[in-house]
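Structural characterization, general
The primary structure of each chain is shown beneath.
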Amino acid sequence: MWGHYEGIEGVKMIDVILGFVVSLNIIVITHLYFKTNAIEKAISDGIDNVEIEIPGLDSIKEEMEHTIVALLQGMHTPTFMDHIGGAIGTMIQARTAKMMSMGHEDSLIPEQSNL
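The structure presented is a predicted model; accordingly, all values stated were derived computationally and were not measured.

A closer look at the overall build of the chain
For the chain, the count of helices and strands is three helices and zero strands. Helices (α) and strands (β) of the chain occur, in sequence order from the N terminus, as α-α-α. Classification of the 115 residues of the chain by burial places 2% in the buried group. Here the chain has roughly 11,100 Å² of accessible surface; of this, 66% comes from carbon and sulfur atoms.

Written out as structure tokens, the structure is:
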């Protein structure tokens, strides 16, 4: 069945399959070549049409001033609840650090065995 191709004398089926695969690869490579060239041309045309405006130092300075003013206006004097929240956060961090460093039974890091 796979030994001889019936159409042409002396041509095996593997030769036909190999020829088909090589032809298909040539077609695909040619298609990719033309698509790549088209994409490169579209990108280069797009880059040529782009206008880049570099801002001056004055506009950068004004933008930074607006950002800093907005940041400072959003700040407020800490309230009692801010202080309580900070104290609770510090206690939780200290307890977590202690649990991680000691060989506590409910430690967050498992102990390593000596092999």
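Next comes the rest of the description.
A word on a negative patch on the surface
A surface patch of negative charge is lined by Asp-58, Glu-62, Glu-63 and Glu-65. Classification of Glu-62 by relative accessible area gives partly exposed; the value is 48%.

Observations regarding a nonpolar patch on the surface
Together, Ile-17, Phe-20, Val-21, Leu-24, Val-28 and Leu-32 give the surface a local cluster of nonpolar side chains, amounting to about 530 Å² of exposed area. By the element assignment, Phe-20 lies in helix H1 (residues 13-48). Given the relative accessible area of 56%, Phe-20 is considered exposed.

Digging into the packing of aromatic side chains
Aromatic ring pairs are defined here through the distance separating the ring centres and the angle between the ring planes. For the structure shown, the criterion picks out one aromatic pair. Here Tyr-33 and Phe-34 contribute two aromatic rings whose centre-to-centre distance is 5.6 Å and whose plane-to-plane angle is 70°, an arrangement assigned as edge-to-face. As far as the burial class goes, Tyr-33 and Phe-34 line up, both exposed.

Quick word on the pattern of salt bridges
Inspection of the entire model under this criterion finds one salt bridge. For Asp-45, the salt bridge identified is with Lys-41, shortest N-O distance 3.1 Å. Here Asp-45 pairs with Lys-41, and both are found in helix H1, just four residues apart, close to one helical turn. What makes Asp-45 partly exposed here is its relative accessible area of 35%. When its relative accessible area of 53% is taken as the criterion, Lys-41 is described as exposed.

Rules used throughout
- Residues numbered from 1 in each chain as written.
- Predicted model: local features only at pLDDT ≥ 70, side-chain atom pairs only at ≥ 80, totals over all residues.
- Heavy atoms only, no water.
- Helix = DSSP H or I, 4+ residues; strand = E, 2+ residues; numbered from the N terminus.
- Buried < 20%, exposed > 50% of the residue type's maximum accessible area, 1.4 Å probe, protein only.
- Areas by Shrake-Rupley, 256 points an atom, 1.4 Å probe, with all protein chains shown as cover.
- Patch = residues over 30% accessible without salt bridge, like charges linked within 9 Å, V, L, I, M, F, W, Y side chains within 5 Å.
- Salt bridge = Lys/Arg side-chain N within 4 Å of Asp/Glu carboxyl O.
- Lys, Arg positive; Asp, Glu negative; His and termini not counted.
- Charge placed at Lys NZ, Arg CZ, Asp CG, Glu CD.
- Phe/Tyr/Trp six-rings, centres within 6.5 Å; stacked < 30°, edge-to-face > 60°.

Worth remembering: the numbers are spatial, not functional.
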